[in-house]
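# Architecture at a glance
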Amino acid sequence: MSRILHPFHGGIRPPEHKRHSNGSRIGSLPLPSQLVLSLRQHIGQPARPIVVPGDTVLKGQTLAVPEGRISSALHAPTSGRIVAIEPRSVPHPSGLTELCVVLVPDGQERWVERMPFDWRTAGIEAVAQQLCAMGVVGLGGAGFPTHLKLGSGRGIETLVINGAECEPYITCDDRLMRERAADLVAGIQILRTLLRAQTVLVGVEDNKPEAIEALQLACGGADIEVVALPTRYPSGGAKQLIRLLTGLEVPAGTRATELGVQCFNVGTVYALYRALEHGEPLISRIVTLTGAVARPGNVEALLGTPLDALMQHAGADDGVEGYLYGGPMMGFALPSLAAGLTKSGNCIVAKSPALFPPAPPPMPCIRCGDCAQVCPAELQPMDLYWFARARQFDRARERHLFDCIECGACAYVCPSHIPLVDYYRHAKAELWAADAAGQAADLARRRHQARQRRLEAAQQARAERRSPHAAPVPAVTSPAPVVLPPPQTDAPAPLDEKQARIAAALARAAARRDGAGQPPAAASAQPVADEAQPVADEKQARIEAAMARAAQRRAAQESRR
């Protein structure tokens with residue numbers, strides 16, 4: 001009995017253009033002259049390099065280790081010598097540079113020792129650490145580190161394997177499922193055991209009948225259900241695929257694991273299998289080379305392979321007007337081909353006027369609502385567009401901007417040819433930058449507060465240490481009373497004072513008599529005083545004589561009585 005499917009809202013069916021590249025087996029490339037390996041190969045923090053220029057490395061040797069929880073390691077895709085660790089162009093629409101490790105191959109392909117990992121007895125945490133160390137990330141395009149999706153091992157209801165590959169032109173997963181179905185099923189069994197999944201569903205669009213048949217044969221009676229899905233873009237979105245296969249809606253802000261479901265891309269499952277069973281880190285991936293090229297197809301290319309080498313291998317036409325990285329719906333235009341292939345690079349499309357005619361100039365939004373009808377996330381794209389255009393990013397966030405998976409279905413049907421996804425990406429970038437600035441400010445504030453607390457604690461500690469040995473404060477005492485000398489009791493005799501005044505008067509008189517009109521010199525005062533002394537004695541003698549005569553007269557009178 002076939003499984004009942006639960007169609008998701010919206011969606012479109014653009015021209016597939018898959019037959020250009022899915023008709024031949026996965027090819028290989030000669031070693032390029034150098035590999036340019038970006039340290040940012042995934043979502044989260046870039047890896048931290050542990051090699052320096054001049055180092056000789058082996059194939060599979062770790063070049064950079066994870067930095068933080070959301071990160072993953074990076075390994076040498078081949079043996080050779082590190083010639084630089086410097087900013088280089090990376091596949092990004094901005095054209096900005098990122099720190100890259102530049103490796104020159106030696107052509108010897110010397111491997112490090114590869115050891116299978118005993119995932120059956122290691123436990124879920126050890127397996128997660130191993131996958132992180134082996135650099136396994138999601139190969140469906142998002143680049144989410146795979147070890148973070150294993151969870152705690154408490155078990156899930158349904159394991160969903162994503163083989164939809166719904167975007168036009170891209171066929172790398174199709175060829176992987178056709179040619180390596182047995183290894184892929186082995187990886188699915190590993191995941192099933194690790195996650196303790198009760199049900200395993202593999203969703204593949206029905207435009208890949210060969211892949212569906214190959215997987216069904218590889219399952220060989222295993223309890224894995226390969227489900228053919230109707231071809232409708234974007235059935236390969238994780239939420240849309242879970243909806244299709246299980247009928248579960250994953251609400252905004254909710255992880256699928258909270259509903260008992262986990263989803264992995266087929267390319268990721270294959271990389272996980274190689275890492276655990278063969279001890280091979282993720283050093284290459286299958287990439288579709290298509291569009292205006294002479295030899296479209298899929299190749300397994302080493303990470304870091306310059307994109308221009310890939311397109312030269314595919315035989316890009318002279319009339320190519322540009323390149324898309326990742327497909328025409330969710331990919332972006334490459335500023336140049338100087339960058340190296342990354343883990344998320346599943347497709348490069350050479351654009352020509354015949355395949356991609358110039359888009360008409362955008363016209364004003366007429367609010368027709370066509371974008372809302374095809375939005376698989378059931379958003380209101382026209383509102384998000386107006387908020388983003390008016391720079392009202394918070395309002396766009398309130399309208400669930402981050403639920404947008406940037407599938408491009410809205411822009412595809414827009415009669416005004418408005419590049420809606422570009423507005424959404426700009427709004428998201430602004431909000432991420434604002435959030436990052438806010439987090440940085442909060443971190444700085446917390447650090448400042450922590451420093452203040454440390455300083456206060458140190459000051460308090462110093463005060464407590466000084467307290468027992470502090471010198472006593474001197475008591476305030478009243479000033480000693482001033483002891484005045486005892487008053488002089490032997491005052492000069494009135495006679496001496498009188499004599500002194502007489503001498504002074506005589507001196508002044510002498511000065512006037514001399515007519516000089518000048519004040520007497522201090523030095524001449526003493527002789528004058530000396531000269532006046534006999535005069536005073538004479539006068540005193542006269543007084544005493546007069547007093548004696550007066551006493552005699554008074555005595556005579558008293559005798560006569």
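Criteria and cut-off values
- Residues numbered from 1 in each chain as written.
- Predicted model: local features only at pLDDT ≥ 70, side-chain atom pairs only at ≥ 80, totals over all residues.
- Heavy atoms only, no water.
- Disulfide = S-S within 2.5 Å.
- Buried < 20%, exposed > 50% of the residue type's maximum accessible area, 1.4 Å probe, protein only.
- Helix = DSSP H or I, 4+ residues; strand = E, 2+ residues; numbered from the N terminus.
- Contact = heavy atoms within 4.5 Å.
- UniProt positions renumbered as here; feature names shortened; annotations may be inferred.
- Pairing = 2+ DSSP bridges.
- Axes fitted to C-alpha atoms, helices over the stretch in contact; angles between N-to-C directions.
- Left-handed = near helix turned anticlockwise from the far one by under 90°.
- Nonpolar A, V, L, I, M, F, W, Y, C, P; charged D, E, K, R; others polar.
- Salt bridge = Lys/Arg side-chain N within 4 Å of Asp/Glu carboxyl O.

## With respect to the state of the cysteines
Counted according to the given criterion, the structure contains zero disulfides. This cysteine, Cys172, is not joined by any disulfide, and Cys347 carries the nearest cysteine sulfur, 7.3 Å off. With a relative accessible area of 2%, Cys172 lands in the buried category.

## A word on the side chain of Lys428
Among the secondary structure elements, Lys428 is positioned in helix H13 (residues 420-466). Residue Lys428 is classed as buried on the basis of its relative accessible area of 4%. Once residues within four sequence positions are removed from consideration, Lys428 is found in contact with Leu401, Phe402, Cys404 and Glu406.

## Notes on the UniProt feature "binding site: [4Fe-4S] cluster 2" (unreviewed entry) in the protein
Under the UniProt annotation, the feature "binding site: [4Fe-4S] cluster 2" (unreviewed entry) is placed at Cys375, Cys404, Cys407 and Cys410. A compact arrangement is adopted by the annotated residues: their sequence extent is 36 residues, whereas the largest C-alpha distance between any two is 10.6 Å. Topologically, Cys375 is positioned in the loop between helix H9 (370-374) and helix H10 (381-389). Setting aside residues up to four positions removed in sequence, Cys375 forms contacts with His9, Gly10 and Pro381. By the element assignment, Cys410 lies in helix H12 (residues 409-413). On the basis of relative accessibility, which here comes to 8%, the residue Cys410 falls in the buried class.

## Description of the pairing of strand S15 (residues 322-325)
Side chains Gly322 and Leu324 project from S15 onto one buried face, and the interleaved Tyr323 and Tyr325 project onto a second face that is buried too. Two strands pair when backbone bridges link them, and S15 and strand S17 (residues 347-351) are joined in this way by four bridges, in the antiparallel orientation. Paired with Leu324 across the bridge in S17 is Val349. Where S15 meets strand S16 (residues 332-333), two bridges bridge the pair, whose relative direction is antiparallel. Within S16, the position partnered with Tyr325 by the bridge is Phe332. The loop that links S15 with its antiparallel partner S16 comprises six residues; one of these, Gly326, has a positive phi angle of about 105°.

## Some remarks on the packing of helix H3 (residues 172-179) against helix H5 (residues 209-219)
Their axes nearest at 8 Å, the elements H3 and H5 cross at an angle of 35°. For the crossing formed where H3 meets H5, the hand is left-handed. Along the contact surface, H3 presents Asp174, Met177 and Arg178, while H5 presents Glu210, Ala211, Ala214 and Leu215. Split into classes, the residues belonging to the contact of H3 with H5 amount to four nonpolar, no polar and three charged.

## A closer look at the pattern of salt bridges
Taken as a whole and assessed by the stated rule, the structure comprises 25 salt bridges. Between Glu86 and Arg88 there is a salt bridge, with the nearest N and O atoms lying 2.7 Å from each other. Note on Glu86: relative accessible area 30%, which makes it partly exposed. Here Arg120 and Glu277 are joined by a salt bridge, their closest N and O atoms 3.5 Å apart. Here Glu277 lies in helix H7 (residues 266-278) and Arg120 lies in helix H1 (residues 119-122), a separation of 157 residues in the sequence.

## A few points about the pairing of strand S5 (residues 62-65)
As paired strands, strand S3 (residues 48-49) and S5 are joined by two bridges and run antiparallel to one another. Considered in S5, the bridge of Arg48 is made with Val65. Bridge count between S5 and strand S6 (residues 74-75): two bridges; the pairing is antiparallel. Across the sheet, residue Thr62 finds its bridge partner in S6, namely His75.

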